[in-house]
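The residues making up each chain are set out below.
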Amino acid sequence: MLNSINMSNYADGSTVVGDDSRDQQDLLKSKPKVNDDLSPNSVSPKKRVGHPFVNSIETELEERPFFVRIGKDGLIAALQKLDRQLAESGRPKLLSKKVPTDWIGSEITPGQLGLINHGGSPKILTRPGRYPGFPLRNWWARSFEGKKGLSDTVIEFLGLTVVQVSQNQAAVISDPQNHIFVIKNAGFVCFAIEGTYDVLSIVDQTHLSQSVKDKITKSTLGWTHEVTMKSKTNAQEVKEYVVATFLNIPANNCAILQRGDDLELLGAGQSVITNPSVTLRGLYTLGENQIEMPTKDIFTRDQVPVSLTIYLKWQLTEPLKLTTHGYNTPYDALRDKTQSILTQIVAHLDYSAMVKQRSIGPDNMEDGTDPSSAFLDALRTRAMDEMHEAALDYGIVLKDLAVIDRQFKGEIASTMDKLTTRALQAQVEAANVDRENSNKVKQEEGALSVARIKAQARNTQADSEAYSVVAAAKAQAQRTRIEAEAQAEATRLAAQADAEAIRIKAAADAQVSDQFAREMELRRMEVTKVRAYGAKTVFVPSDGPGAQMGSAMAMGMAAGMGADRRS
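Looking at an unreviewed UniProt entry, the chain carries the name Band 7 domain-containing protein, with the source organism given as Lentinula lateritia.

This is the structure we're talking about:
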C-alpha cells in the first residue's frame, strides 16, 4: 500500500510518499479519500488512502523507546517528559539538578541549553543563570561541554538527539536499527540506549538540488534530491546508499511511481520516497508540447528516397497509459508510430506528386482539381486520423501534424535540384528586373512630386510677396492721408488762434481812449519795428507824397549802385 502522511508528521520506512496538500484535504474528511489522480488504466491500480495523525505509522513511532515529540509546549517540556521516562526506567536522569547563581560561573542565557558530560551520560541545564565550578563535589566526574540554542535545528550530545524542522524543511533520520524516517514541520527529542539516532540530512523542500528536464522539449519537469547513508559493509569498504528521494513537482506536472508491477500517478507538490521497493519511474508534463521531428528515409512508389521534417503538437493526458506501454517520454511513442504511418502513406505516392508541394499542412492543400491532390489529401487526413487514434492508446492527444519540409535523395533528386535551382535563378532574375523597374518608376514619381511641391511653394511665395506690396502701399497711402489731414487741421487751428488773438488785441486797442496811451503804443511799435529791421533802415511811406519821394530815392540809389559796379 502506498501511504501518505500529515504535513506536521513523522514517517518511518513504510512510508512511500508524503504530499502535504493531499493529506490536509484527507484529514477534513470523515472517511479516507481515494487519490483522484489515480488512473484506472494502470497495470495493477492501487488506491492510496490518506491516514490521519494517529494512524499506525505514528503508533510505530510512539513504540520507539525514549522518543518524545516536541509539541506546543516546546523543547523544555519534551526534555522533562523524556527525563521522567528515563527515571521511571531506572536510568540516570537527563536534566541537571544544579541551581544557577547570578555572580560567577558559566552563563546560560534565556533561549539556551547547557551541556554537561557526567561520566559519559548527558546532563542538560535548562534554567538561565550562572553555574560556578565549585564546590568540587558538584563537578566530580563532570565537565561543562558548551551551550546550544533552544531553536537549533539539530542537537546531538552523548546519545541525546534533538531535531526541530520548520515548514519548508524535512529531516531524514536513521534510528539505532538503521530504519529511516522523515520529519516535516515538526520535532522530537530522543535518547538512544543502544546505537544512535543519526540525522542524515536537513532538506530544503522548495529548493531541491537536481533539476529534471525533458530531453526533447527542454522543459523543466520538476526537481529531485537524493539522501544517502554511509554503510560499512566490511572492514575496508564503506558505501553510500540512497535512503530517501525528495520530489518537488510543479503545477500541471506529475510523476509515476512503481513498486513491482504496480504503477501510481503522483500529482504536483512536495513529496518524499523512503520505501526501498518504490522507485521513481519518471516525471511528465501535462501541458502542450511541440517539436519539429526529422524522419528516416522513406521510399515513394517509384523508389525515390525522401526524408521528411514533420511538426508535431501533442498533450499528455494519461501518463499511466504511456508508462504501461513501456515508453519513457511521449516523444518516443509518437516518433515510432509517426515513422510507421508515414512510411505506409508515402509508399503510395509518386515522386511527381510529392515534389509539387514543399510543405503539406491544413493551409496549403490542393482544391481537388489536380489528380495528385488526392494523394496529398490522403497524406494529411489519413496520417492525422491514424496518428490521433494511435496516440490515444498511449494517453496522448495529438493536436496537430504537418509536413513542413522534404528532402529528396538519389540521382533523380540531384537532377531535380539542378532544375529547381535554375528555375529559382530565373525567378530571382525576373524579380530583380521587376524590382529595378519598380524602383525607377518610384524615383520618377518622387522627382515629379518634388517638382510639383516646389512649384506650389514658389506660387505661394509670389502670392505672399504681392500681398505684402499691396498691403504696404495701402498702409503708406493711408499714412499720407492721415498726416495731410492732421497738418491741415493744425494749420486751420493755428490760423484761427492767430485771428482770434489779433481780434482780441484790436478790440483791446480800440478800447484805449487816452491819447497819451495811444501815442505811447505807437512809439513802442516804432521801437519794435526798428529793432526788427535795424537802426539804419529807412522807412518810406507807401502812400501820399512821401511814396513818390521814396520811389525817386530808390531809383537814384539803384543808379548809383550800378555806376559803382561799372567802374
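Draft legend 1. Structural detail: the overall build of the chain. Assigned secondary structure in the chain consists of 10 helices and 24 strands. By residue count, 33% of the 567 residues in the chain fall in the buried class. The contacts of the chain with a sequence gap of at least 6 include a subset with a gap of at least 24, amounting to 63%. Of the roughly 33900 Å² of accessible surface on the chain, 54% is carried by carbon and sulfur atoms.

Draft legend 2. Here's a closer look at the pattern of salt bridges. Taken as a whole, this structure holds 13 salt bridges when the rule is applied. Its salt-bridge partner being aspartate 332, residue arginine 335 comes within 3.6 Å of it at the nearest N-O pair. Residue arginine 335 and its partner aspartate 332 are both found in helix H5 (residues 330-346); the two are separated by three residues, about one turn of the helix. A residue is classified by how much of its surface remains accessible, and arginine 335, at 35% relative accessible area, is partly exposed.

Draft legend 3. Representation of the sheet that holds strand S17 (residues 253-259). In space, the three strands of this open sheet follow the order S18-S17-S20, with antiparallel pairing throughout. The sheet is open, and its two borders are formed by strand S18 (262-266) and strand S20 (279-285), each paired with just one other strand. The average undirected angle you get between the axes of adjacent strands in this sheet is 20°. Pairing of S17 with S20 involves six bridges; the strand directions are antiparallel. Across the sheet, alanine 255 pairs through a bridge with leucine 283, a residue of S20.

Draft legend 4. Main features of unusual backbone geometry. Phi is positive for phenylalanine 66, close to 55°, though the residue is something other than glycine. With respect to the element layout, phenylalanine 66 can be found in the loop between helix H2 (56-62) and strand S2 (67-69). Here asparagine 185, not a glycine, exhibits a phi torsion of approximately 55°, which is positive.

Draft legend 5. Seen up close, the pairing of strand S15 (residues 220-232). In this sheet, S15 lies alongside strand S14 (residues 210-213) in antiparallel orientation, the contact comprising four bridges. When the bridges of S15 are listed, lysine 213 appears paired with threonine 220. Between S14 and the antiparallel strand that follows it, S15, lie six residues; lysine 218 among them carries a positive phi value of about 65°. Where S15 meets strand S16 (residues 238-249), 10 bridges bridge the pair, whose relative direction is antiparallel. Looking at S16, one finds that valine 227 is bridged to alanine 244. In sequence, S15 turns back onto S16 through a hairpin of five residues.

Draft legend 6. H5, seen in detail. Helix length check: H5 (17 residues) gives 24 Å between terminal C-alpha atoms against 24 Å at 1.5 Å per residue, within 8%. Inspection of H5 places Pro330, Tyr331, Asp332, Ala333, Leu334, Thr338, Gln339, Ile341, Leu342, Ile345 and Val346 among the buried residues, and these make up the whole buried set.

Draft legend 7. How the structure looks around the side chain of glutamine 205. The residue glutamine 205 is located in the loop between strand S13 (198-204) and S14 in this model. Beyond its immediate sequence surroundings of up to four residues, glutamine 205 is in contact with Gln167, Asn168, Gln169, Ala170, Lys184, Phe246, Asn248 and Gln270.

Draft legend 8. Local environment of the nonpolar core. With 36 residues, the main nonpolar core has Leu308, Ile310, Leu312, Leu322, Ile396, Leu398 and Leu401 as its most contacted residues. Per-element tally for this core: the top contributor is H5, with seven residues. Not counting the four nearest positions on each side in its chain, leucine 312 is found in contact with Asn289, Gln290, Ile291, Met293, Leu334, Thr338, Leu398, Asp400 and Leu401. Among the nonpolar cores identified, the runner-up in size contains 19 residues, and Phe66, Leu94, Leu160 and Phe191 belong to it.

Definitions and limits used
- Within every chain, residues take consecutive numbers counted from 1 along the sequence as written.
- Per-residue local features of the predicted model are confined to residues with pLDDT of at least 70, and side-chain atom pairs are confined, for both listing and counting, to 80 or more; whole-chain, interface and lining totals are unaffected and use all residues.
- Each side-chain value is derived from all of the structure's non-hydrogen atoms; neither hydrogens nor water enter the calculation.
- Labels follow the DSSP assignment, with helices taken as runs of H or I lasting at least four residues and strands as runs of E lasting at least two, numbered in each case from the N terminus.
- Exposed residues in this analysis have more than 50% of their type's maximum accessible area, buried residues have under 20%, and partly exposed residues fall in between, with area computed by a 1.4 Å probe over protein chains only.
- Residue contacts are defined here by distance: any two heavy atoms, one from each residue, within 4.5 Å place the two residues in contact.
- Under the convention used here, a 1.4 Å probe and the Shrake-Rupley method define accessible areas, while residue burial counts only the protein chains that appear.
- One side-chain nitrogen of Lys or Arg within 4 Å of one carboxyl oxygen of Asp or Glu is enough to make a salt bridge.
- The pairing criterion is simple: DSSP has to find at least two bridges between the two strands.
- Axis definition: a line fitted to C-alpha atoms, limited for helices to the stretch in contact. Angles are taken between N-to-C directions and run from 0 to 180 degrees.
- Given the number of residues in a helix, its expected span is that number minus one, multiplied by 1.5 Å.
- Definition used in this section: a nonpolar core is a set of buried Ala, Val, Leu, Ile, Met, Phe, Trp, Tyr and Cys residues joined via side-chain atoms within 4.5 Å.

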